[in-house]
Amino acid sequence: MTVVRASQALPSSLRAALASGTTIVTPNKRLARRLAAINDDAQRASGRAVWPAPMVVPWASWLERLWLDVLASDANVAVPRRFTAVQGAYAWKEIVASGGRRLIDENGTAVLAADAWSLVHAWGTGVPSWRGWAGGDDDCATFAGWADDYLHLLAGAGAMDTAQLPDWLACQSAAVATWRSGSVMLAGFVEMSAQQERLVAALATAGMTIAHCTTVRDRAGQTSRVAGTSPRDELSRALHWAREHALADPGAAIGIAIEDFASRRDEVRALAEDILCPELQWPGREGADRPYNLSLGIAASEVPIIATALDLIGLAHGSLPMPRAAALMRSPFLAASPGDGLRRAALESTWLREGRRDISIDEVVAALTGVDRAFADRWRKARDEQRRPSNATPREWTEFWRAWLAAAGWPGDRALSSAEWQARGAWDDLLAQFAALGAVAKRIPARDSVATLAAAARDHVFQPESARTSIEIMGVLEATGLPLDALWIAGLAAEVWPPAPRPNPLLPISWQRDRKVPRSSAARELAYSRVLTAQWTHGASEVVLSYASRVDDHARSMSPLVPAAPWRSGPSLLPATTAQAQFASAPALERISDDCMPSLPPGSTASGGASLIETQSDCPFRASARFRLKVDAWPEPAAGLSAMERGILVHAAFAAFWRTVGDHAALVKLAPDALGARVDAAALAAMGELPAARWRRIAAAVRSGEAARVASIVLAWIDGFERSRPPFSIEAIEASRSLALGGLEFELRLDRIDALADGGTAIVDYKTGLAKAPARWFDPRPQGPQIGLYVLAQQAFAPDRPVRAAAYAQLKPGEFRIQGIAADAKAWPQLVAPSAIRDPDLPDWSAIVAQWSRSLGAIATEVREGHASVTPRDIRKTCRYCGLQPFCRIGALNEGDESVGDDA
């Protein structure tokens, strides 16, 4: 079968107009570029090396040309100032905000009002018809008042906006001499608004020659249908199809149009990278030209170089949410030496541990001082020299922002890529548009200025210029009238095509339906969708129409608007990602057992104390990573106080209480009121254990509630467990002890040492979580080993005064419990006797102490010898809260163990 190229299928009148230099006007920029590219290809094919550029422009650009024609003419016309999009958006926001109505979303309502204003002009009669809706109390009457306010504002500024431009140009049609001899061809318009028709009619009446033509084939192409098993499978099939076409015919123009492209842009890009150019995903090839192009740009505020500028400005005006401040510290668009960015990135971990929610410029400078002093000095100087005004004109704000960004080191020292240079140009345009707000607002407060700039960046769509590609990925409206060699339309399920009506709520529904305003009624959408579907089938020699048969476990069917055509069969094409394919095809690697750290010299002081022994017993690798390599798990965001901070407060409260009470005799003498007062005072004193800066970041209600919580824990424990004990006195609180074990020296801190009335001592360790039962202390890999270490350390410190009891005070609310062992019943009746361990090797207290010396000494010897194997005691329990899995790669080591992926 002979393949007819899109350029050959164009109507002869359009091909002649392209070659002759006639001005050709299209509905959008994509079609204009496509027609220009077709003309260029035809010129090259005819052997020409140089030719006049065709005059192909989208409708918006044509209006700009007509506007310039009026300015250049000698007609005696009062030319109003042009309102920019930023000026218009700001004006609508101010009008809606000052309208006297209480609105849930003023910004969203302002957007709806601006859209209603555009619709009234595009589909109305060219006069202020909204005034007929005034006088009531409904939304339409409210809009009528807003529209009058906006029109009055425009008149006061001697300006007009884009919505008014076509009607104003129509009024000037007889005054511009150059329009009388002009020739224009309108190409690819499926429909024209009433306003567009008025302008075209006025220009034709003035003498301009205007013709209409189609841009698609006379006959439908070879059409087929496809049913994907899911939206992802459907898209994968389309991309594989496009790849095959491009490889078979490099000169072909291929299009993929997606009904819900805007909401799936990121997914589409990721799949396109994997299927169309997997070799370009290697590091260092990010800037290489892709074989595809996405028609939909992103908000300028999401472009990294612009996002960095916006965050720097936000920081200069106040504070940033912690995640954004952390991202700013990592930004490559800040002046820095190699490696500085990594050091600054570590601040996020610190801020997470501190529970920071917002970060100010002063806090950033203070944090940077200990991480990157040169950068901290630069920002400190920029902060001190660039004093932010509280109220300024738009131009003054732009001057302040430019100076602040330069002083802060934006956009960095490295060379910018082409796309980044274009983004920087877009940023300069945004600032210029903001400066032009002086025509609308003389002075803007600081907070409003940042919000307005950020809104302008969100509304501005950035799409960098790129080289011409063979595969174009776009929305379905952009594919209408686009002459291609092959076209795939995805997402044509009955539930979404035709789309549901969505009229503007600020305009009368009847008015919208009578004028067939887009999205105004189901009948209008049905008729329009039929026209678009027919256009698609004529858009290429091969056309594929597809849908996903199942979405979120919901079965779907093909839209009834899709014409009958053969079904294309084929297997599901959900591909492995490039990374998965690379790993699957990788050769087997040599496995080397390397589970030992360098040994420590005998007599070395072991960093980590009791926690080191506990962690080594749980998992040797984790202990080596934490205490020798200094690797930390990534902290979880803290909502209020962290569990560690709450534990610190409880420990401090008990210490403060016993320092004032002193012994059991004094405790039992306290009346309930006096005891409560002592406990409350201890809890209040404990609050000072956290720095004042930390409390300033915590709500006052949280601090008050935390003091009450701590007091309730202390009081409940004392009433339930301390009063009933035999007499004792406090010998030491938070005592420092040294212990030589396994050839290492351990520095330990004991929460509490009690002197028993009948001789000897008892060790108490507070646990705000769950404490291990005594039977677990003597497992082959001991659990809860701290208490044994403390007994050995105290015994070594005072060998003439035997330790007779040791216990964990489990202070978990609702689960208070004493977990411990006593040498005899007199020492502490609530604790279990050695015989309760039910181990024949542990008949009495001396055997218990000897076992601690052996088992904990063996663990200490492992530490000294560098034993660091990835051997957690229990993958489900030990690994659940470890957080070091990316470092030890236990999932890769236990590929056959499904529990690793679930819980580790």
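Reference entry: report on the structure contained in this document. (Residues numbered from 1 in each chain as written. Predicted model: local features only at pLDDT ≥ 70, side-chain atom pairs only at ≥ 80, totals over all residues. Heavy atoms only, no water.)

Thoughts on the packing of helix α18 (residues 394-408) against helix α19 (residues 418-435)
Going by this rule: Note on geometry: axes are lines fitted to C-alpha atoms, helical ones only across the stretch in contact, with angles between N-to-C directions running from 0 to 180 degrees. Secondary structure counts use DSSP, requiring at least four H or I residues in a row for a helix and at least two E residues in a row for a strand, with both numbered from the N terminus. If an angle is under 35 degrees, it is roughly parallel; if it is over 145, roughly antiparallel; if it lies from 65 to 115, roughly perpendicular; otherwise it is oblique. Contacts are assigned to residue pairs with any non-hydrogen atoms lying within 4.5 Å of each other. As a working rule, the residues Ala, Val, Leu, Ile, Met, Phe, Trp, Tyr, Cys and Pro are called nonpolar, Asp, Glu, Lys and Arg charged, and the rest polar, with Gly in that last group.
Where α18 contacts α19, the axes come no closer than 7 Å and their chain directions differ by 150°. Classified by the angle their axes make, α18 and α19 are roughly antiparallel. Across the interface between the two elements, P394, R395, W397, T398, W401, R402 and L405 from α18 touch W427, D428, L431, F434 and A435 from α19. Of the residues that constitute the contact of α18 with α19, the class distribution is eight nonpolar, one polar and three charged.

Notes on the packing of aromatic side chains
Basically, it comes down to this: Working definition: rings of Phe, Tyr and Trp (its six-membered ring) pair if their centres are within 6.5 Å, and the pair is stacked with planes under 30 degrees apart, edge-to-face with planes over 60 apart, and tilted otherwise. Relative accessibility thresholds used throughout: buried, under 20% of the residue-type maximum; exposed, over 50%; partly exposed, between the two (1.4 Å probe, protein chains only). Look at NZ for Lys and CZ for Arg. If either is within 6 Å of the ring centre and within 35 degrees of the ring normal, a charge sits over the ring.
Enumeration according to the criterion identifies 28 aromatic pairs in this entry. Ring geometry for W92 against F143: centres 6.3 Å apart, planes inclined by 10°, an arrangement best described as stacked. Note that W92 is positioned in helix α5 (residues 85-97) and F143 in helix α7 (residues 139-156), a separation of 51 residues in sequence. Pair check on accessibility: W92 and F143 agree, each one buried. Plain terms: the ring middles of W117 and Y150 are 4.9 Å apart, the flat faces sit at 80° to each other, and that makes the pair edge-to-face. Here the residue W117 occupies a position in helix α6 (residues 106-123), and Y150 occupies one in helix α7, the gap between them amounting to 33 residues. Residue classification places W117 among the buried positions, given a relative accessible area of 1%. Owing to a relative accessible area of 1%, Y150 belongs among the buried residues under this scheme. Three or more aromatic residues link up through ring pairs in this structure, and these residues are W92, W117, W130, F143 and Y150. A cation over an aromatic ring shows up here: R82 above the ring of W67, its NZ or CZ 4.9 Å from the ring centre.

Section: a nonpolar patch on the surface
In plain terms, the rule: The residues that make up patches have over 30% relative accessible area and no salt bridge, and they are joined within 9 Å when like-charged or within 5 Å when they are Val, Leu, Ile, Met, Phe, Trp or Tyr. Using a 1.4 Å probe, accessible areas were evaluated by the Shrake-Rupley method; residue-level cover was limited to the displayed protein chains. Take a side-chain nitrogen of Lys or Arg and a carboxyl oxygen of Asp or Glu: if they are within 4 Å of each other, that pair is a salt bridge.
A cluster of nonpolar side chains, namely L68, L71 and V79, defines an oily patch on the protein surface of about 250 Å² accessible area. Its place among the elements puts L68 in helix α4 (residues 59-72).

Things to note about the side chain of D372
Where we set the bar: Under the rule applied, a polar contact is a pair of N or O atoms within 3.5 Å (in protein, one hydrogen donor and one hydrogen acceptor; residues adjacent in sequence only if both atoms are side-chain atoms).
With respect to the helices and strands, the residue D372 is situated in the loop between α16 (361-369) and α17 (373-385). Residue class for D372 comes out buried when judged on its relative accessible area of 6%. A polar atom in the side chain of D372 sits 3.4 Å from the side chain of R344. Contacts of D372, omitting those with residues within four sequence positions, involve D340 and R344.

Topic: the pattern of salt bridges
Here the structure, examined in full by the defined rule, presents 42 salt bridges. Shared partners join several salt bridges into a network, and the residues in it are E191, R519, R524 and E525.

Comments concerning helix α23 (residues 522-537)
Spelled out, the test is: By this rule the span expected of a helix is its residue count minus one, scaled by 1.5 Å.
For α23, built from 16 residues, the straight-helix expectation of 22 Å at 1.5 Å per residue is met to within 8% by its first-to-last C-alpha distance of 23 Å. Those residues of α23 that fall on the buried side of the exposure criterion are R524, E525, S529, L532, T533, Q535, W536 and T537. The elements touched by buried residues of α23 are α6, β7 (222-228), α21 (476-479), β17 (486-490) and β18 (542-548).

Quick word on α5
With 13 residues, α5 should reach 18 Å at 1.5 Å per residue; the first-to-last C-alpha distance of 18 Å fits that figure. V86, Q87, G88, Y90, A91, W92, I95 and V96 are the residues of α5 that are buried. Check the buried side of α5 and you find it contacts β3 (81-82), α6, α7, α19, β14 (444-445) and α20 (446-459).

Observations regarding empty space enclosed by the protein
Worth spelling out the cut-off: Here a cavity denotes a set of grid points, spaced 1 Å apart and computed over the protein atoms alone, in which a 1.4 Å probe fits but from which it cannot get out, and a pocket denotes an open set meeting protein on both sides within 12 Å along at least five of seven lines; residues with an atom within 4 Å of a point are reported as lining. Grid points are joined across faces, edges and corners, and a volume is the space filled by probe spheres set on the points.
Evaluation of the coordinates by the stated rule reveals one cavity of 30 Å³ or more. Here the largest cavity is characterised by a volume of approximately 80 Å³. Lining the largest cavity are C619, F621, R622, P872, T878, C879, C882, L884, Q885, C888 and I890. Within the residue set of the lining of the largest cavity, elements represented by two or more residues are α26 (620-627) and α35 (885-888). A breakdown of the residues in the lining of the largest cavity according to their chemical character gives eight nonpolar, two polar and one charged.

Looking at the sheet that holds β7
How we decide: Paired strands, in this sense, are two strands between which DSSP finds at least two bridges.
Pairing is parallel in the open sheet, where six strands are placed in the order β7-β18-β17-β8-β16-β9. Each edge of the open sheet is held by one strand with a lone partner, namely β7 and β9 (292-294). Averaged over all pairs of adjacent strands, the angle between their axes in this sheet comes to 15°, without regard to strand direction. In the sheet, β7 pairs with β18 via seven bridges, with the strands oriented parallel. Across the sheet, residue A227 finds its bridge partner in β18, namely Y547. Contacts between α23 and the sheet are confined to β7, β17 and β18, with β18 contributing the most and set at about 130° to the helix.

Examining the sheet that holds strand β5 (residues 183-187)
One open sheet holds the four strands; their spatial order is β2-β1-β5-β6, and the pairing between them is parallel. Only two strands of the sheet have a single partner each, and these edge strands are β2 (56-58) and β6 (209-213). Taken over all neighbouring pairs, the strand axes of this sheet differ in orientation by 25° on average, direction set aside. Here strand β1 (residues 23-26) pairs with β5 via three bridges, running parallel. Bridging across to β5, T23 finds its partner in V184.

What to know about unusual backbone geometry
Here the amide bond leading from W410 into P411 is cis, since omega sits at 5°, within 30 degrees of zero. Turning to its location among the elements, P411 is positioned in the loop between α18 and α19. Cis geometry is adopted by the peptide bond preceding P498, which originates at W497 and carries an omega value of 5°. Turning to its location among the elements, P498 is positioned in the loop between β17 and α22 (509-514).

Details of the pairing of strand β22 (residues 728-741)
Regular strands show a simple pattern: their side chains alternate between the two faces of the sheet. Note that β22 and strand β23 (residues 744-756) share twelve bridges and pair antiparallel. Across the sheet, residue A735 finds its bridge partner in β23, namely L750. Between β22 and the antiparallel strand that follows it, β23, lie two residues; G742 among them carries a positive phi value of about 60°.

Notes on the state of the cysteines
Quick note on the threshold: Criterion for a disulfide: a pair of cysteine sulfur atoms at a distance within 2.5 Å.
Applying the stated criterion across every chain, the model contains zero disulfides. The thiol of C888 is not disulfide-bonded; the next cysteine sulfur, from C882, is found 6.1 Å away. A relative accessible area of 14% means that C888 is categorised as buried.

Nothing here speaks to function; it is all geometry.
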